[in-house]
Amino acid sequence: MTDGLTGLANRRRFDQCLASEWRRGLRDRKPLSLLMIDADLFKSYNDTYGHLRGDSCLRQIAEAALDVVARPGDLVHDLARGVCRYPAQYDSEGALDVAGEICAALRSRKLPHSGNPFGIMTVSVGCATLIPSFGLHSVNLIEFADEALYKAKKEGRNRVCCGSENISAASESLDDGATQTAVGKTA
């Protein structure tokens, strides 16, 4: 149930947690959020510093995420391919706050990354929040978070983007526009 490298929950555990949280959300009509975190320019990091340092970097990203995530029921999923999936019962504002804190926690570690324009390892985060309802599926939450992650990467990395623009069409109780938060760029 855990990834051997990072100690985080593996995909099987993530799938179980997401299914459980989805059922709870259906029952309680509470928002469910998912963060997808990508290690910016990770292939370049591995090519420059080698796979052992790449493994160490993934562990540090996992630790940074775990330093922020502390609520019962929160789950940080493995960082295979540099992506972390994190389902929790947060509204969209809470999810953005957690995402920003994870980005800041990693930046504060100042892991050198000469292939990154910021000079250090950074992450991009896609956030998605919706209230589970009949007609929607947990895969919709994953798709919205994935779209938001690609938007964050396309807009320059080292940032958080929220997929609420897409989600608002599916869930009437969310924000009525896209939310984007640039996460502290370093000069």
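All residue numbers refer to position in the chain's written sequence, counted from 1. Local features are withheld for residues below a pLDDT of 70 in this predicted model, meaning they are given only at 70 or higher, and side-chain atom pairs are given and counted only at 80 or more; totals for whole chains, interfaces and linings count all residues. No hydrogens and no water enter the side-chain calculation; it runs on all heavy atoms of the structure.

Enquirer: How do you make sense of the nonpolar core when you look at a structure like this?
Expert: Taken as a class, soluble globular proteins show a tendency for nonpolar side chains to be buried jointly. Residues belong to one nonpolar core when they are buried, are Ala, Val, Leu, Ile, Met, Phe, Trp, Tyr or Cys, and are joined through side-chain atoms within 4.5 Å. Exposure categories follow from relative accessible area, calculated using a 1.4 Å probe and restricted to protein chains: below 20% of the type maximum is buried, above 50% is exposed, and the middle band is partly exposed. If you look at the biggest cluster of nonpolar residues, it comprises 31 residues, and the most contacted ones within it are Leu35, Ile61, Ile102, Met121, Val125 and Cys127. For this core, the elements supplying multiple residues, two or more each, are strand 1 (32-39), helix 2 (42-49), helix 3 (51-68), helix 4 (92-107), strand 3 (123-130) and strand 4 (159-162). Ranked by size, the runner-up nonpolar core spans 17 residues in total, among them Leu32, Leu75, Leu141 and Phe144. Helix and strand assignments come from DSSP, with helices taken as H or I runs of at least 4 residues and strands as E runs of at least 2, each series counted from the N terminus.

Enquirer: Help me out: how do you make sense of helix 2 in this one?
Expert: Residues of helix 2 that are buried include every one of Phe42, Tyr45 and Asn46, and no others. One face of helix 2 carries all of its buried residues, which in axial projection span an arc of 95 degrees. Within helix 2, the exposed residues directed more than 90 degrees away from the buried face are Lys43 and Asp47. Where the residues of helix 2 are buried, they touch strand 1 and helix 3. Two residues or fewer after helix 2 comes glycine 50, characterised by a positive phi angle close to 95 degrees. Each C-beta atom gives one direction from the helix axis, and the arc is the one those directions make. Only heavy atoms matter for contacts: two residues are in contact if any of them lie within 4.5 Å across the pair.

Enquirer: Teacher, can you tell me more about the environment of alanine 95 here?
Expert: With respect to the secondary-structure elements, alanine 95 resides in helix 4. Residue class for alanine 95 comes out buried when judged on its relative accessible area of 2%. Through-space distance from the C-alpha of alanine 95 to that of glycine 126 is 9.8 Å; in sequence the pair is 31 residues apart. Excluding residues that lie within four positions of it along the chain, alanine 95 makes contacts with Ser33, Leu35, Tyr90, Cys127 and Thr129.

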